[in-house]
Amino acid sequence: MENVKGILNGKWQGRSGGKEVSSRKLLGIAGMGWMFDAMDVGMLSFIIAALSVEWGLTPGQMGWIGSINSIGMAVGALVFGFAADRIGRKNVFIITLLLFSLGSGASAFTTTLTAFLVLRFLIGMGLGGELPVASTLVSESVPVEKRGQIVVLLESFWAAGWLIAAIISYFVIPEWGWQTALLISALPALYALYLRIGLPDSPRFAAVKDKEKLTIFQNLTKLWSKEYGRQTAMLWIVWFCVVFSYYGMFLWLPSVMVMKGFSLIKSFEYVLVMTLAQLPGYFTAAWFIEKMGRKFVLVVYLIGTAVSAYFFGTAESTTLLMTSGILLSFFNLGAWGGLYAYTPEQYPTIIRGTGSGMAASFGRLGGVLGPLLVGYLVAEKVSVPVIFTIFCVSILIGALAVFLLGKETKRQELA
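From a predicted model like this one, the values you see are computed outputs, not experimental measurements.

What counts, and where the lines are drawn
Residues numbered from 1 in each chain as written. Predicted model: local features only at pLDDT ≥ 70, side-chain atom pairs only at ≥ 80, totals over all residues. Heavy atoms only, no water. Helix = DSSP H or I, 4+ residues; strand = E, 2+ residues; numbered from the N terminus. Buried < 20%, exposed > 50% of the residue type's maximum accessible area, 1.4 Å probe, protein only. Contact = heavy atoms within 4.5 Å. Areas by Shrake-Rupley, 256 points an atom, 1.4 Å probe, with all protein chains shown as cover. Phe/Tyr/Trp six-rings, centres within 6.5 Å; stacked < 30°, edge-to-face > 60°. pLDDT = per-residue confidence, 0-100. Salt bridge = Lys/Arg side-chain N within 4 Å of Asp/Glu carboxyl O. Core = buried A, V, L, I, M, F, W, Y, C linked by side-chain atoms within 4.5 Å. Axes fitted to C-alpha atoms, helices over the stretch in contact; angles between N-to-C directions. Parallel < 35°, antiparallel > 145°, perpendicular 65-115°, else oblique. Left-handed = near helix turned anticlockwise from the far one by under 90°. Nonpolar A, V, L, I, M, F, W, Y, C, P; charged D, E, K, R; others polar. Expected span 1.5 Å × (residues − 1). Arc of directions from axis to C-beta.

*Asks:* Help me understand the overall build of the protein in this model?
*Replies:* The secondary structure content of the protein amounts to 18 helices and two strands. Counting over 415 residues, the protein shows a buried share of 62%. For the protein, contacts bridging at least 24 residues in sequence account for 84% of all contacts bridging at least 6. Surface accessibility of the protein: about 15,000 Å² in total, with carbon and sulfur atoms responsible for 68%.

*Asks:* What should I look at first to understand the packing of aromatic side chains in this one?
*Replies:* Between two aromatic rings, the relevant description is the distance of the centres plus the angle of the planes. Inspection of every chain in the model, using the stated rule, returns 23 aromatic pairs. A centroid spacing of 6.0 Å and a plane angle of 20° characterise the contact between Tyr301 and Phe330, whose relative ring orientation is stacked. Note that Tyr301 is positioned in helix H15 (residues 294–314) and Phe330 in helix H16 (residues 318–342), a separation of 29 residues in sequence. Like Phe330, Tyr301 is buried. Consider the rings of Phe312 and Phe388, whose centres lie 5.2 Å apart with planes at 45°: the pair is tilted. With Phe312 in helix H15 and Phe388 in helix H18 (residues 384–405), the pair connects residues that are 76 residues apart, well separated along the chain. Connected via pairs of aromatic rings, a cluster forms that spans Trp224, Trp236, Phe240, Phe244, Phe312, Phe362, Phe388 and Phe391.

*Asks:* How do you make sense of the confidence of the model for the protein when you look at a structure like this?
*Replies:* Across the protein, the average pLDDT comes to 82, with 88% of residues at 70 or higher. Taken element by element, the protein is modelled with least confidence in strand E1 (residues 13–16), mean pLDDT 42, and with most confidence in H18, mean pLDDT 94. Between residues 1–19, whose pLDDT stays under 50, and residues either more than four places distant or in other chains, the model counts 47 contacts.

*Asks:* How do you make sense of the pattern of salt bridges when you look at a structure like this?
*Replies:* Close approach of charged atoms allows side chains with opposite charge to pair. Inspection of every chain in the model, using the stated rule, returns seven salt bridges. With a closest N to O distance of 2.7 Å, Arg294 and Glu345 form a salt bridge. Of this pair, Arg294 sits in helix H15 while Glu345 sits in the loop between H16 and helix H17 (349–379); the two residues are 51 residues apart in sequence, bridging distant segments of the chain. With a relative accessible area of 5%, Glu345 lands in the buried category. Three or more residues joined by partner-sharing salt bridges are found here, namely Asp85, Arg89, Glu140 and Arg352.

*Asks:* Even after reading the chapter, I still don't get the environment of Leu377, so can you show me in this structure?
*Replies:* With respect to the helices and strands, Leu377 occurs in helix H17. On the basis of relative accessibility, which here comes to 10%, the residue Leu377 falls in the buried class. Each residue touching Leu377, except ones within four places of it in the same chain, is listed here: Val382, Ile387 and Ile390.

*Asks:* Before we go on, may I ask you to explain the nonpolar core in this structure?
*Replies:* Note that soluble globular proteins tend to have their nonpolar side chains buried in a common cluster. Core analysis: the biggest nonpolar cluster contains 117 residues, and Trp158, Trp239 and Trp336 have the highest contact counts within it. Here this core gets 18 residues from one element, more than from any other, and that element is helix H2 (residues 23–54). Not counting residues within four places of it along the chain, the set of residues in contact with Trp336 comprises Glu155, Trp239, Val242, Val243, Tyr246 and Arg364. Counting residues in each nonpolar core, the second largest holds six residues, with Phe80, Ala83, Ala84 and Met125 among its members.

*Asks:* Before we go on, may I ask you to explain unusual backbone geometry in this structure?
*Replies:* As a rule of thumb, non-glycine residues mostly have phi less than zero, and peptide bonds are mostly trans rather than cis. Residues other than glycine seldom take positive phi values, yet Lys381 does so here, at roughly 65°. Examined against the element boundaries, Lys381 turns out to sit in the loop between H17 and H18. When its relative accessible area of 73% is taken as the criterion, Lys381 is described as exposed.

*Asks:* Explain the packing of H15 against H16 to me, please; I cannot follow it from the model alone.
*Replies:* Packed helices, taken two at a time, are described by the angle their axes make and the gap between the axes. Close contact between H15 and H16 brings their axes to 8 Å; oriented N to C, the two are set at 155°. If you check the angle between H15 and H16, you find them roughly antiparallel. With respect to the hand of their crossing, H15 and H16 are arranged in left-handed fashion. Residues of the contact of H15 with H16, tallied by class, amount to 17 nonpolar, eight polar and two charged.

*Asks:* Is there a simple way to think about helix H5 (residues 113–139) in this case?
*Replies:* What sets the pattern is the α-helix's 3.6 residues per turn: residues three or four places apart point alike. With 27 residues, H5 should cover 39 Å at 1.5 Å per step; its first-to-last C-alpha distance of 39 Å lies within 8% of that length. Along H5, 21 of the 27 residues are buried, which leaves the element largely enclosed by surrounding structure.

*Asks:* Any chance you could explain the environment of Phe93 here in plain terms?
*Replies:* Topologically, Phe93 is positioned in helix H4 (residues 89–107). Here Phe93 falls in the buried class, since its relative accessible area comes to 1%. Linking Phe93 and Ala30, residues 63 residues apart in sequence, is a C-alpha distance of 8.7 Å. Not counting chain neighbours up to four residues away, the residues in contact with Phe93 comprise Ala30, Glu130, Val133, Ala134, Leu137, Arg196 and Leu199.

*Asks:* How should I be thinking about helix H14 (residues 278–291) in this particular structure?
*Replies:* Between the first and last C-alpha of H14 there are 20 Å, a value that for 14 residues agrees with the 20 Å anticipated at 1.5 Å per step. When H14 is considered as a whole, its buried residues turn out to be Gln278, Gly281, Tyr282, Ala285, Ala286, Ile289 and Glu290. The arc that holds the buried residues of H14, viewed along the axis, is 140°, so those residues lie on one side. Directly after H14, the chain includes Gly293, whose backbone phi takes a positive value near 105°.

*Asks:* I keep staring at the packing of helix H6 (residues 147–171) against H14 and nothing clicks. Help me out?
*Replies:* Contact geometry for H6 and H14: axes closest at 8 Å, N-to-C directions at 175°. As the angle between them shows, H6 and H14 are arranged roughly antiparallel. Two secondary-structure elements touch here, H6 through Arg147, Gly148, Gln149, Val152, Leu153, Glu155, Ser156, Trp158, Ala159, Ala160 and Trp162 and H14 through Gln278, Leu279, Tyr282, Phe283, Ala285, Ala286, Trp287, Ile289 and Glu290. Its residues placed into classes, the contact of H6 with H14 shows 13 nonpolar, four polar and three charged.

What follows is the structure, encoded as structure tokens:
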């Protein structure tokens, strides 16, 4: 773990736009935005459970709250991914966080499902645009020998955000309501916005920003050219499978706990414990990714996710439920870290933002279908074991795509 400690201690430097930026500062600034994004997504799963009681929502309406968020993320990843190749990573980094912060704060004052859904779409656009652009910016700003580790560590801020979301949801929502929880998540994000303004753009974008830009049609054509078509197909498949299963499982996690016979408060407690397992999942993935490679981390952690999902869905005892839930969080979020490190490495700088954004955008379609499918299946009285078996199979398909189509990019210089 010495390499990881070195990163956190800021022992090496990355140059950006003529300025020298320590890895620690870059990781902190980018990670703060990532953390607040995760707080919002994490609290949404608890808010859905609370709104179902307060507004008397049907399972279908509950599914739409999660799905409209993913629709916004799909649009945001597509639009802002292309914008990152046109106006720079830093500018998009700022715009997306501003959109998310304002939308999240405003959603605390909604009184109807329709208004809440509209704002969730805008919040989703900010989230969907920021995540791939953030990983692209960091990938282009750090040394090649540490690139995989630091992007996974960037992703670990997602676990911190989920942990804070679980704590806020457990202590705040039952006592002061979901509106207060949303305000808490929105206000600190404005401070991250302030820090981000002083961050220079990536050196690789700075080197090509004055060159002639490709049109969106030219970008798409290049993504599916003979040179990049294989990795594009691989990324789209694995992103779809991972996002489909993640949002289908985790947005419904507190509600699934209630279906298994636990009270709403008790389900919050158990999900909080499961969330703690995300951090060691990230840190082990950060260590393995430079030792064993990107493909190893993705394939192994995705298979671990699939097995854990199956046992979580079929668990009959509290012990098995908690054990499989902890392993589900451990492997799933470790796989996410590997995916964000792997994706920007598939393309050259001129189309990296578009390529990463398009893969994430296609994946978000899975994020739309996952929560909707769960809502539909629950309404049709389909059992929880069957639902989680579907997600198990989906994750295995993603692992197979990486194994068969993926190319190892460890220590490979970015073009």
